[in-house]
Amino acid sequence: MIRLIVNDFKSNKLITVSTYVFMTITAMLLGLAIFLFASLWTSIDSLMKKAETPHFLQMHTGELKEAEIEAFAAARDDVEEGQIGRFLNLQNSQLSIGGKSFETNMQDNGLCYQSECFDYLLDAENNVIQVSNGEVYVPVAYKKEYEVVPGDKLRIGSEELTVAGFLRDSQMNSMMASSKRFLVSEADYERLKSLGSEEYLIEFRLLEGSDVNAFATDYKDAGLPENGPTITYPLIKTMNALSDGIMILVILLVSFVVLFISILCIKYIILTQMEKDRREIGMLKAVGISRKDIRFIYISKYLLLSMIGCVAGSIMALIIAGPLGTGMKELYGETENKALIYILMIIGALLAEGIILLSVRRTLRKTDRESAISSLYGRDASGRGRNLWHPASVIATAAVFMILVPLGMNSTMSSPDFVTYMGIGNSHIRMDVRQIDDIDETTKKLTDEISADDRVARFSVMQTRAYKVKLAGGKTYSLMIENGDHTAFPVNYKEGTYPVKENEIALSILNAEEMGIGVGDTVTVYKDGEAEELQCTVCGIYSDITNGGKTAKGCIIETDVKTPPMWSIIYISLKDEEQINRWVNEYQSGHENFSDGIKIVKISDYLEGMYGPTIDKISKASMITMALAGVIIFVVILLLVRLIIWKERGESSLKKALGLTTADIKDDYVKKAFIFIISGGIVGVIAGVVLGQKLAGGLLSFMGAKGFRFVIDPLMTYVFTPALLLIFAGLAVGLSLMEIKRVRAAECLNSGLE
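Residue positions are given per chain, counted from 1 along the sequence in the order it is written. Only residues with pLDDT of at least 70 are given local features in this predicted model, and only at 80 or more are side-chain atom pairs given and counted; all residues enter the totals for whole chains, interfaces and linings. Water and hydrogen atoms play no part in the side-chain values, which are based on all heavy atoms of the structure.

**Quick look at the confidence of the model for the chain**
Heads up, the condition is: Confidence of the predictor at the level of single residues is given by pLDDT, which spans 0 to 100. Labels follow the DSSP assignment, with helices taken as runs of H or I lasting at least four residues and strands as runs of E lasting at least two, numbered in each case from the N terminus. The contact definition used throughout considers only heavy atoms, calling two residues in contact when any of these lie within 4.5 Å.
For the chain, mean pLDDT is 83; residues scoring 70 or higher make up 89% of the total. Mean pLDDT values over the elements of the chain span from 46, in helix 12 (residues 372-376), up to 95, in strand 6 (residues 135-139). Note on residues 372-385: pLDDT under 50 across the span, and 30 contacts to partners over four residues away in sequence or across chains.

In structure tokens:
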């Protein structure tokens, strides 16, 4: 048996190597996706357990009612611990580290000191940090971006602190979290308090099995401080996983496509070998070898190849996981249960090989259908009526689809239009007014200046306030409603449209799902400090990931100042896009009304700051996928054309006997090959744009970005990808057709043709 397998390997090197490559790549991709996902999830889980992340967090700016919060917690039997943390918001223009300014940084950066009860900030070994006076620990997310090393100086205005190390923040590690905490001693915090504005983090740890959503509702109903976003444990965990998780989901999607391609390819590899070995199979049957034993000879070969492929794929997955997992290790630390992760990776690789072997077994059963006589005389019952050019078309479709999905995600997330799926208006510039005493007055001054600026094409002012809202069933919620003109820079609406009247309201997808209402439903909004009831109809549901994804939009006119704004946002578009940088720099560096409470940023920079790391990872994944697809299409077309040549060897011999040249026969093959390959490529482009959009939409829905459409890069989609397909397919066809030269005219005399 071993000798037969070894001899088969020697005589069919191309088929053997091709089978091994497909088995290895499939095992590698599925094993890699499982390894990365398990590593990410267990690392995040370990970090959050060690940091004792709060189950409920209410951010609040303004007056704090500590006694009421303590009384609320004491009266509940589901609260394990509660605390109020401090966060000193700093203006990025004040900050620099190692001489590098934070002026263009998109995050809300600030100082804090170590918590007493839970929500700990951890060091590189995931130990609770004890910081000394004069020292600061920097978020690990900034380590690479600002090239920070211990000993560098962090400057806050005229003050200076020494970088002692880096911290992991279970709440704000991800760049998708809009805030970052720098850890200092409590004494330094009090000393520097005058440099910023203080925000409170009202946090609770709940007993195991408690319903955090019910707790959040009760907190709001109690009328406790809530002038800021509400965040829960599951949302924190999801936000931590998103950046690397999207890349892993792309790899998983590609691995399924490659698995499909591998099954199809190995099927035709087997058919190629059976075509070559037909006479040998006939002889084995003729001498009495059973069909089961013949099938066992073949499947033993593929079982051996799958075992080698599984081992090689697992090793390759570990090698590739190293650089891909570096960022995860930096952010979340080493996972504690490596043995389980390795086992899961191996199970994933074995699963891929098992699916392929089931396909192999099914294909090999076709040998049972041929008699010994038909095999000996070259009559192929299994291949009769089969058009072997169709698989070439299917593979071309799959390869193009595999390229376009990550490519489409990359171009979509890189597009300025993507901000509309984040709940942000697609303008040139965004100006935030926060953390100052009189947001209304400052906003009015800025609005007057902007309206008088003849460089401005249009602008829109949005002010966010917290409102109490009651549903038809009597249940109450606290909503952050952004009021203003929503027609100027509309966001993406999954259903309905933006509000234009005071009695209309639009909800973010997460709020609509939590409240169980949709377009056309009515809610009661208490305005003017709950002095007046306003019946509002839900006019739209939109995609949003800002402020935990729980927001609302309205056109409520405040006639009473009992409900002060939490913040204001001004969206601005200029007449001349080339003036954007100059305009922003002017307002940042010397504008009359520009103060420490105002942040101004280009929308493109905002997107880069939030999703830059994720976009970079998806871009790398798309490049790897493109290279992999090129290799696959090359190997597949090479094998399929060789199979077709073997199947039609007698016909080619007859054509030569009738006077046709090798070049004439080659031309016929080239025409047929490219008709099917090009048609497959066209179907692949359509599938990549239409079906790929749905699959990518499913991935991005984890981020709260729902109902989006691909932003197509025409050059990459309609030119570069088809060109790549044709180049690799052309090389494969050219190499395969060299076999035509070896076909002799005399072969048709004993080919068995009838």
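Text resumes after the structure shown.
**What to know about unusual backbone geometry**
Phi angles above zero are rare outside glycine, and E52 is one such case at about 55°. Tracing the backbone shows E52 in the loop between helix 2 (13-51) and strand 1 (56-60). A positive phi angle, close to 50°, is found at E147, a residue other than glycine. For E147, the location among the structural elements is in the loop between helix 4 (141-145) and strand 7 (153-156).

**Some details on empty space enclosed by the protein**
Rule in force here: Buriedness for pockets is judged along seven lines, at least five of which must meet protein on both sides within 12 Å for an open set on the 1 Å grid over protein atoms alone, while cavities are sets there where a 1.4 Å probe fits but cannot get out, and lining residues have an atom within 4 Å of a point. Grid points are joined across faces, edges and corners, and a volume is the space filled by probe spheres set on the points. Residues are grouped as follows: Ala, Val, Leu, Ile, Met, Phe, Trp, Tyr, Cys and Pro are nonpolar; Asp, Glu, Lys and Arg are charged; every other residue, Gly included, is polar.
Throughout the structure, instances matching the rule amount to 8 cavities of 30 Å³ or more. Contributions of two or more residues to the lining of the largest cavity are made by helix 6 (212-221), strand 11 (230-232), strand 14 (476-484) and helix 15 (509-515). When residues in the lining of the largest cavity are grouped by element, the largest group, 4 residues, is from strand 14. Its residues assigned to classes, the lining of the largest cavity shows 6 nonpolar, 7 polar and 4 charged.

**Describing the environment of T363**
Heads up, the condition is: Only protein chains enter the accessibility calculation, which uses a 1.4 Å probe. A residue is then buried if its area is under 20% of the maximum for its type, exposed if over 50%, and partly exposed in between.
The topology assignment puts T363 in helix 11 (residues 338-364). The class for T363 is buried, based on a relative accessible area of 2%. Considered as a pair, T363 and R295 are 68 residues apart in the sequence and their alpha carbons are 10.0 Å apart. Not counting residues within four places of it along the chain, the set of residues in contact with T363 comprises K267, I270 and L271.

**A few points about the nonpolar core**
Burial of nonpolar side chains together is a common tendency in soluble globular proteins. What counts, and what does not: By convention a nonpolar core is built from buried Ala, Val, Leu, Ile, Met, Phe, Trp, Tyr and Cys residues, the set being connected through side-chain atoms within 4.5 Å.
With 158 residues, the main nonpolar core has F22, M422 and Y611 as its most contacted residues. The next biggest cluster of nonpolar side chains, apart from the first, holds 20 residues, and it includes L471, Y477, I505 and I541.

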